[in-house]
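Spelled out from the first residue to the last, the chains are:
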Amino acid sequence: MRFNLLLSLLIFVLYKPAQAQNLYDIPRSKEFASYLFHSQQYSLAAIELERLIYLEPQNDSLRENLIRSYSFNKDFATAGKRIDAFFPEKKAITSPFDDLYAFNLLADKKTHATRDFLATNATLNPEKRHYYQAFSYLLEQDFNNSERLLAEIPKDESSLSALRDLSHEGLTMRRKSPGLAMAMSALVPGSGKFYTGDWKDGIISLISIGITSFQAIRGFSINGTASTYGWIYGSIATGFYLGNIYGSFTSSKRYNKRQADKLAQKMDAAFFLHP
Amino acid sequence: MGQSFAPTELRFGFRETHVHQEYTFAKNNTNEVQYFFSGLFLFYKFAISSQDNNSCTFSPSCSEFGMLAVKKKGPIFGMLATLDRLQRCNGLSPEKYAFDQEKHLFIDLP
Amino acid sequence: MLRFFSILSLFSFSATAQDLEETYHFGLEQYALSNYDVASLAFERVLYFGEGHFAISSLDHLARIQLTQGEKESAVNYYHRAAVMSDAYAEKCWFTLRKCSGMLALHKTQLALIDLYGISDDLPDSIVYYKNFLLGVAHFSNLNFEESRNAFKHALPASESVKQHQLDSLFQVLIHIRHPNPKTAKILSVILPGAGQFYAGDVKNGINSLLLTGGFLFLAVNTAVNYGIVHSMASVFPWFQRYYLGGYTRAGRIAEDRLSEKRDLIYQNILNVYD
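Residues numbered from 1 in each chain as written. Chains lettered and ligands numbered in written order. Predicted model: local features only at pLDDT ≥ 70, side-chain atom pairs only at ≥ 80, totals over all residues. Heavy atoms only, no water.

A. Summary view of the packing of aromatic side chains. What the rule picks out here adds up to 39 aromatic pairs over all chains. Plain terms: the ring middles of Y229 of chain A and Y233 of chain A are 5.1 Å apart, the flat faces sit at 45° to each other, and that makes the pair tilted. Of this pair, Y229 of chain A and Y233 of chain A are both found in helix α14 (residues 228–273), four residues apart, which corresponds to roughly one turn of the helix. Under the relative-accessibility criterion, Y229 of chain A is labelled buried at 7%. Judged by centre distance (5.6 Å) and plane angle (15°), the rings of F240 of chain C and Y244 of chain C are stacked. (Phe/Tyr/Trp six-rings, centres within 6.5 Å; stacked < 30°, edge-to-face > 60°. Helix = DSSP H or I, 4+ residues; strand = E, 2+ residues; numbered from the N terminus. Buried < 20%, exposed > 50% of the residue type's maximum accessible area, 1.4 Å probe, protein only.)

B. Structural detail: the packing of helix α3 (residues 42–55) of chain A against helix α4 (residues 60–72) of chain A. Residues and elements named next belong to chain A. For the pair α3 and α4, interaxial distance at closest approach is 9 Å and the crossing angle is 155°. Comparing the axis directions of α3 and α4 gives the class roughly antiparallel. Two packed elements cross with a definite hand, and for α3 against α4 that hand is left-handed. Packed against α3, whose contacting residues are Y42, A45, A46, L49, E50, L52 and I53, the element α4 presents L62, R63, N65, L66, S69, Y70 and F72 at the interface. (Axes fitted to C-alpha atoms, helices over the stretch in contact; angles between N-to-C directions. Parallel < 35°, antiparallel > 145°, perpendicular 65-115°, else oblique. Left-handed = near helix turned anticlockwise from the far one by under 90°. Contact = heavy atoms within 4.5 Å.)

C. Focus on unusual backbone geometry. Here the residue pair S95 of chain A and P96 of chain A is connected by a cis peptide bond, since its omega of 0° sits within 30 degrees of zero. Its place among the elements puts P96 of chain A in the loop between α5 (76–86) and α6 (97–107). Cis peptide bonds are those with omega within 30 degrees of zero, and the linkage from H179 of chain C to P180 of chain C qualifies with 0°. Along the chain, P180 of chain C falls in the loop between α10 (161–175) and α11 (182–191).

D. Broad picture of a nonpolar patch on the surface. All names here are of chain A. Together, L187, V188, F194, W199, I203, L206, I207 and I211 give the surface a local cluster of nonpolar side chains, amounting to about 780 Å² of exposed area. At five residues, the largest contribution of residues to the nonpolar patch is made by helix α13 (residues 199–223). For L187, a relative accessible area of 74% corresponds to the exposed category. (Patch = residues over 30% accessible without salt bridge, like charges linked within 9 Å, V, L, I, M, F, W, Y side chains within 5 Å. Areas by Shrake-Rupley, 256 points an atom, 1.4 Å probe, with all protein chains shown as cover. Salt bridge = Lys/Arg side-chain N within 4 Å of Asp/Glu carboxyl O.)

E. Structural detail: the sheet that holds strand β2 (residues 98–100) of chain B. Residue and element names in this part refer to chain B. One open sheet accounts for three strands, arranged β1-β3-β2; its pairing is mixed. Each edge of the open sheet carries a strand with a single partner, namely β1 (58–59) and β2. Across two bridges, the pairing between β1 and strand β3 (residues 105–107) is parallel. Bridge pairing in β3 places S59 opposite I107. (Pairing = 2+ DSSP bridges.)

F. Just the domain arrangement of chain C, in detail. For chain C, the assigned domains read domain 1 (18–87), domain 2 (106–176) and domain 3 (182–274). With centres defined by C-alpha atoms, the gap from domain 1 of chain C to domain 3 of chain C works out at 53 Å. (Domains from an automatic or database assignment.)

G. Representation of the pattern of salt bridges. Inspection of the entire model under this criterion finds 31 salt bridges over all chains. Two residues, D52 of chain B and R242 of chain C, come together in a salt bridge whose shortest N-O distance is 2.6 Å. Note that D52 of chain B is positioned in the loop between α1 (32–48) and β1 and R242 of chain C in helix α15 (residues 237–274), a pairing that runs across two chains. Given a relative accessible area of 28%, R242 of chain C falls into the partly exposed group. The partner of R64 of chain C in a salt bridge is D60 of chain C, with the nearest N and O atoms 3.0 Å apart. Of this pair, R64 of chain C and D60 of chain C both sit in helix α4 (residues 52–68), four residues apart, which is roughly one turn of that helix. Within this structure, K193 of chain A together with D84, R85, R88 and D108 of chain B form a network of salt bridges that share partners.

H. Geometry of the interface of chain B and chain C. Listed as interface residues are 25 residues of chain B and, on the opposing side, 43 residues of chain C. Between the two partners, chain B and chain C, sit two salt bridges. As a salt-bridge pair, E9 of chain B and R98 of chain C come within 3.7 Å of each other at their nearest N and O atoms. At the surface where chain B touches chain C, the tally comes to 13 residue pairs in polar contact (both at pLDDT 80 or more). (Polar contact = N/O pair within 3.5 Å; in protein donor to acceptor, adjacent residues only side chain to side chain.)

Put into structure tokens, the structure is as follows:
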């Protein structure tokens, strides 16, 4: 009995310094998680924070850092799922998770879900709500709705000015008509590409079609219709001519896509730089 | 410190590896038209293109583009797209295409 | 009751408290099991809370994890940190050498050479041997075969006469690899298309080049006779020129390829000597 008492005392004494060094206790784990988070090792930070949240389920600052870790890691779907688990009832959501939830939904391109969430939510401040609503329309390239929404919102909300510019740009975006480009190239080879902005390709097409047709005509004029030379160049010239008409069509499509991509890039920049 | 002198990381070759390209997209044919164009393509790659300096400004090259286009859009539109591509293969509009850093070529998919 | 307590305290000791050493050993265990994510987190934790031997060894293991995952760049960074952190000169040099090995694998030969030349020869034999081995690899990459031979020979004890002899004979073969000479191949193909390829041992491309250029030459002559010399020069001759030029540059490249193939074989055999 006495021996046992002695033993447990001994263990307790040994245990003391060991406990002082415990690297997995909550304060040290928090410190370590914060280091991982601030040194941008987000995937490792998420593992550590998940463990901490298991130990302290109601700690909001840990939860916020966890969501941000997933977001920074571009794992928007997991971030959203995690908020779902924190707040099974979406009406009970508190700041800043309402903001983070809308952000992650939009970053995951779930525009409809975002608008549904914003419609039922009452905690988010109006400026943020308007921002996310307008942005969901922009992401869908639905510029009519975004203009309508932005017109209803008071002009003093400064964070929305970037969105107003983007919306206006989207609405007035210049597009090239594929039909017109094809018709132009059918009349004068290469001219359709002048119209769509690929003027260097247009010049090359004009020259190459010109030279090959000239060769074909020369071939036919020397040897008549029996001229292999004429037939070869004739088919090359026809091929180039038809190809160029088709190319004018794709060129106008590419032009339109380039414009849309440029706008999408600007939107991404505006969204991810938004605080 | 008891590691081997020649760890696997140093087992590299100095030879510029010309990775023998498998043109898988010319293999899985579903109809006679595709067989015909695949044959044409493989013959061109084997006998003609192999004797040429690298002359195309794009990746995939014009012949590969042609093969892919015929498979994607059918023989007529595929050929039209290829004939257009041959005229665009002039290297005058670098600002309009993405650049492949590894191959040093501009990217243009059918 | 007391026995129960003593057992409980023993268990709680192993279950909750984990000091630096235990965390490190946990990392080692997970590393051995190839659980690299868990191991990384444990080693990062040791690195954050600790210093000295455990931290340095953690860096070493983090570097090894990166190497197994093919991330040579970040392995080099970890080895660099390990070299900076260690106090013992021999250990510092060892980690610098591991870093150099990574840089050589990344083909950053000149940078590796700078570090290698900075390491003194006044160190334990194993480190000096390793340094000379890496110098040998670096010089081989730069095609300085004489210096490479010296370095490789100093990477082994002089008493190992069998291996020394093996190295000597390998380098003897290497220095005499001059066939096929790229310049000769090129000149041969300028004179007769395909001849350079035959000389370099590539029959398929030789025949191919001969037929293709021959065919275009025949076509050019044929067109010149039927349609006139201007026609032929304008439309067929460029094709002849294209494959003629292509043929002889390819011949040079084929010869170069053969040469480096042979050199690579020797290099692999040199590495085998040290296995």
